[in-house]
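# Observations on the three-dimensional arrangement
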Amino acid sequence: MNNYKVYLRVRPIDYDQSMLNIDHNLISIKDPTNKQAEWQQYSYDKIFPSISTQKELFDEVFNFDYLNKNACILSYGQSGSGKSYSLFGNVQNPGIVPLFVQTMLEKGQVVEASFQEIYVDQIKDLNTNLVTEDFTRRNIMLINDLWDMIKIVRNIDIKRQVRTHVIITLYLNSNTKVQFVDLAGSERVAKNITEGEKYQEAIMITSSHQVLNRCLNQFNQKKVVQKRESKLTQALIIENNTQVILIGTINPSQSNYEECLLTLQYMDRTKNVQVSIRNQQQSLLGSETQNNIQQDKVIKKLQEEIQEYKQKIEQMNLDRKKKFIDLQKLLGLDIDLERLSAKNAKDITIFRNQQEALQKNVSLQQQLEQQQYELAESLKKNEELKQDFHQKLERYQQQLLEQREINKKLKDQINMTKMSGDDALRQLNSERDHFIRKLQDESKNLLEDKVTSIINLPQAAQTKLSENQKLQDLRKQVRNEAEKDFNKQLEQIKLEYSKWLDTCKQQYEYHLNEKNKEIENFLTSFKQYRDKKKQQINEIVDELLDLNDIIQKQSKVIDKIETGGYSGGLKSFSIPKQDKPNLPNKIKHKNLFFYLDTKSVSATITKKGSNIEKTIKTTTKQFKQSQSQIIIEIDCNQLDQINFLSMDFSTLRSYANKLRDMIKELQDQMVIIQDKCKQQVAQMQRERDEAIQKFNMENRRYNQNRVVIESQNRILQKIRPISSIQRKS
Ligand SMILES: Nc1ncnc2c1ncn2[C@@H]1O[C@H](COP(=O)(O)OP(=O)(O)OP(=O)(O)O)[C@@H](O)[C@H]1O
């Protein structure tokens, strides 16, 4: 089996992932912002799609002889892509570390664990929280011991807001080690940098990632692994007999395209043959966009700083040399201290070792101080607790005393109440005895009464029965009378109602007949009037024709006179009798003369035709005005005396209208009277219904009473034999 494996895990996201295409161990990625972009393909030992489970990953990773082989499992990817989730997970979905520990514990393997953090090339033991490379180990007896460790690891990032590499090493009693490395997020620095310290953090992370990449590449090619360049690689067990597994994680949201691509390329490079860091950096930088210009600047700045430090060191070396020379001169020694120091290189090594031991000592001292400090703190806390306890104790004692006092008072009160209670009880007892005696007397009397009443019960029942019978008879009588009364009243109401209806009908019919008569009268007189007017018009037409004849004749006479047609000439002409026109006479032209006499139009006749027209117009106008002003008051009783024939047409029309209105009014009145009659009938019906209801109610009550009486009778009949027995005894 290959000692180096590269796996890719894709984190699930809720939205479109069209920039990715996974086909078994092959993944294709395309720039989502560029439609013309081509798919780039990468292949790995296994790809875990977003639906993959923790167990699937675990089974694949621990598919080697882990009891006889060391292992180093690294998770690499940008922050939030699922590195920690894959390694640790959570209690519901444990990652490969808890799953592995669980398996080991179930197999009875003794498991110890150390865990460290690497931050800016400094290693810290997370067990002791000290910066040291000597790691302490914890015994993992239960899976919860591991979760405690994971909790500490999680808290680092959350509390300090820094990106760190975390290494958990498990030591199995089969003498093998399994190392899990949660690498710091691989995202490019330019996105996040805001302050000086972060520059350094980002640079250190990037450079440690690059060194790791190179080491993995060397390991894959079975070359000597150059681990010294970074604290991270120094801490890793990447040796011949190690199973190394790199789990790359990506968060495939489209905004992370570049980060995903860089992760895929990073993983790919660890497997590629012949890769130099320079090329890696160049390819990295070459593929980065505008954001990386800032990163370049940072690198340049740091390079300048390194140059500066180098110069300083050189200067310091020169100073040291100078000081040596000065010292030599001062001591008057003719010894080459440089050479001497070279000779004493061995001593120097010993000195260095001593120095390192001293440093360790110092760190131990620090540890001791820390522990002493913690001890002092806990002593202080202890003291505080003691004080607190004493204070509480005093308070409790005080409270106890107070409580005792209260108890005593309560006791006294209880005694007092008891005494008064005893008195009250005695009083109550005597009252109760008195009451019982009274009750006994009363009940005795009652009993006696009852006995006598029971003895008299049949008799009483008999009287009750006869009373009931009487009552029943009375009720029947009342009921019959009420029914009779009611029927009589109903009949009377019906009679009155029909009488009233007949009168109403008669009145209505009389009015209707009267009106019909009036209308008929009116119609006959109107007919007569119309015939008379027609006749008058015919007469006038005849008269007019006659007049026309006269005018014709006259004009002929005038013509003849003018033309001298008559004998005697123009001056003394004589008109023959047959030519002479007859003058209009009062008998033949009575209408003409009637108008001439009454309207005295004779004066106006002589005037010109236009004047006559004018006069007719104004007269017509006046007539119309007078017609509209006619207000007629009609007395119905005297309708017969009105002479319709002598009326002019407009007055007659007004009369007709008025009569029509009056008839309508009368009809309306009749409708109102009819409505009133209906209402009265309805009211009477209502009253009748109420009376029936009342009667029914009475009837029901009577029946109920009857039932009660009957049941009482039955009881009495049952009682009678008992009472007779008693009497006998
Ligand atoms: N495969 C997965 N299935 C379900 N949830 C996941 C998966 N991968 C990651 N997550 C969820 O995504 C979130 C971020 O994951 P995680 O903390 O593991 O990222 P990370 O790469 O370790 O980030 P950082 O470097 O900041 O620690 C978590 O809430 C985690 O539960």
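Note that the coordinates shown come from a computational prediction; the quantities given were computed from them, not determined experimentally.

### Regarding the overall build of the protein
The number of helices and strands found in the protein is 17 helices and 13 strands. Relative to its 729 residues, the protein shows a buried fraction of 29%. Pairs at least 24 apart in sequence give 68% of the contacts found in the protein among residues at least 6 apart. For the protein, the exposed surface amounts to about 50,800 Å²; the carbon and sulfur share of it is 52%.

### A word on the sheet that holds strand E3 (residues 26–29)
One open sheet holds the three strands; their spatial order is E2-E3-E4, and the pairing between them is antiparallel. Edge positions in the sheet fall to strand E2 (20–23) and strand E4 (40–43), since each of these pairs with one other strand and no more. On average, each strand axis in the sheet is tilted by 20° relative to the strand beside it, whichever way the strands run. As paired strands, E3 and E4 are joined by four bridges and run antiparallel to one another. What sits directly across from Ile29, in E4, is Gln40. Packing of helix H8 (residues 257–271) onto the sheet brings it into contact with E3 and E4, and relative to E4 it is tilted by some 45°.

### Considering the site of the ligand
The local shell around the ligand consists of Arg9, Arg11, Pro12, Gln78, Ser79, Gly80, Ser81, Gly82, Lys83, Ser84 and Tyr85. In the environment of the ligand, an oxygen atom lies 3.1 Å from a nitrogen or oxygen atom belonging to the backbone of Gly82. Its free accessible area being 620 Å², the ligand has 66% of it covered by the protein chains. A total of three residues in the shell around the ligand trace back to one element, the largest contributor, which is helix H2 (residues 83–87). Its residues assigned to classes, the shell around the ligand comprises two nonpolar, six polar and three charged.

### Thoughts on unusual backbone geometry
One non-glycine residue, His24, adopts positive backbone phi at about 55°. With respect to the secondary-structure elements, His24 resides in the loop between E2 and E3. For His24, a relative accessible area of 68% translates into the label exposed. Phi is positive for Asn129, which is not a glycine, with a value near 65°.

### Observations regarding the pairing of strand E6 (residues 70–77)
Within E6, eight of the eight residues are buried, leaving the element largely enclosed by the surrounding structure. With eight bridges joining them, E6 and strand E13 (residues 242–250) adopt parallel strand pairing. For Tyr76, the partnering residue across the bridge sits in E13 and is Gly248. Here E6 runs beside strand E12 (residues 177–182); their pairing, made up of five bridges, is parallel. By the bridge assignment, Ser75 is partnered in E12 with Asp182.

### Description of the UniProt feature "binding site: ATP" (unreviewed entry) in the protein
UniProt records the feature "binding site: ATP" (unreviewed entry) at Gly77, Gln78, Ser79, Gly80, Ser81, Gly82, Lys83 and Ser84, using the numbering of this structure. Within the element layout of this structure, Lys83 appears in helix H2. Lys83 sits in the buried class, given a relative accessible area of 7%. For Lys83, the residues in contact, after removing those within four places along its chain, are Ser75, Tyr76, Gly77, Gln78, Asp182, Leu183, Ala184, Gly185 and Thr249.

### Quick notes on the pattern of salt bridges
For the coordinates displayed, the defined rule picks out 17 salt bridges. Here Lys271 and Asp45 are joined by a salt bridge, their closest N and O atoms 2.9 Å apart. With Lys271 in helix H8 and Asp45 in the loop between E4 and strand E5 (46–48), this pair connects stretches of sequence that are 226 residues apart. Close ionic contact of Glu698 with Arg701 constitutes a salt bridge, the shortest N to O distance being 3.5 Å. With Glu698 and Arg701 both in helix H17 (residues 649–728) and three residues apart, this pair spans about one turn of that helix. Exposure remark for Glu698: the relative accessible area of 47% places this residue in the partly exposed category. The partly exposed category is assigned to Arg701, whose relative accessible area is 43%.

### Focus on the packing of aromatic side chains
What the rule picks out here adds up to eleven aromatic pairs. Both rings, one in Tyr66 and one in Phe100, keep their centres 5.2 Å apart while their planes meet at 80°; by these two values the pair is edge-to-face. Taken together, the residues Tyr66 in the loop between helix H1 (54–61) and E6 and Phe100 in helix H3 (residues 96–106) connect sequence positions 34 residues apart. Here Tyr66 matches Phe100 in class, with each residue buried. By the ring-pair criterion, three or more aromatic residues cluster together here, those being Phe58, Phe62, Phe64, Tyr66, Phe100 and Phe180. A cation sits over an aromatic face here: Lys46 above Phe48, 5.8 Å from the ring centre. It is Arg137 that lies over the ring of Tyr171; its NZ or CZ is 3.5 Å from the centre.

### Details of the confidence of the model for the protein
Summarising the model, the protein shows a mean pLDDT of 80, and 79% of its residues fall at 70 or more. Put simply, helix H15 (residues 602–605) is where the protein has its lowest mean pLDDT, 42, and E6 is where it has its highest, 97. Of the regions scoring below 50 in pLDDT, residues 274–291 engages in 27 contacts with residues more than four places distant in sequence or in other chains. The model gives residues 626–630 a pLDDT under 50, and that stretch makes five contacts with residues more than four places away or in other chains.

### Re H8
Here H8 spans 22 Å end to end across 15 residues, near enough to the 21 Å set by a 1.5 Å rise per residue. Among the 15 residues of H8, twelve are classified as buried, and the element is accordingly described as predominantly covered. Among the residues of H8, those classed as buried are Tyr257, Glu259, Cys260, Leu261, Leu262, Thr263, Leu264, Gln265, Tyr266, Met267, Arg269 and Thr270.

Definitions and limits used
Residues take numbers from 1 onward in each chain, read along the sequence in its written order. Selection of residues for local features in this predicted model requires a pLDDT of at least 70, selection of side-chain atom pairs for listing and counting requires 80 or more, and totals for whole chains, interfaces and linings are taken over all residues. Only hydrogens and water are removed before side-chain values are computed, so all heavy atoms of the structure are retained for them. Helix and strand definitions here come from DSSP, where helices need a minimum of 4 consecutive H or I residues and strands a minimum of 2 consecutive E residues; each element is numbered from the N-terminal end. Partly exposed residues are those whose accessible area sits between 20% and 50% of the maximum for their type, while under 20% is buried and over 50% is exposed, using a 1.4 Å probe and protein chains only. Contact between two residues is taken to exist if any of their heavy atoms lie within 4.5 Å; hydrogens are not considered. To be clear on the numbers: accessible area is Shrake-Rupley with a 1.4 Å probe, and residue cover counts the displayed protein chains and nothing else. Any two strands between which DSSP finds at least two bridges are classified as paired. A fitted line through C-alpha atoms serves as each axis, taken over the contacting stretch for helices, and the angle formed by two N-to-C directions is quoted from 0 to 180°. Throughout, the term near means that a residue has one or more heavy atoms lying within 4 Å of the molecule or strand in question. Side-chain atoms alone can form a polar contact between residues adjacent in sequence; in general such a contact is a pair of N or O atoms within 3.5 Å, and within protein one must be able to donate a hydrogen while the other accepts it. Polar here means any residue outside two lists: the nonpolar Ala, Val, Leu, Ile, Met, Phe, Trp, Tyr, Cys and Pro, and the charged Asp, Glu, Lys and Arg; Gly therefore counts as polar. UniProt positions are given in the numbering used here, feature names are shortened, and annotations may be inferred rather than shown by experiment. Within this document, salt bridges are pairs made up of a side-chain nitrogen of Lys or Arg and a carboxyl oxygen of Asp or Glu, the two lying within 4 Å of each other. Two rings belonging to Phe, Tyr or Trp (six-membered ring only in the last case) form a pair when the distance between their centres is within 6.5 Å. Interplanar angles under 30 degrees mark stacking, angles over 60 mark edge-to-face geometry, and anything in between is tilted. We count a charge as sitting over a ring when the NZ of a lysine or the CZ of an arginine lies within 6 Å of the ring centre and within 35 degrees of the ring normal. pLDDT is a per-residue confidence score from the predictor, ranging from 0 to 100. To estimate the expected span of a helix, subtract one from its residue number and multiply by 1.5 Å.

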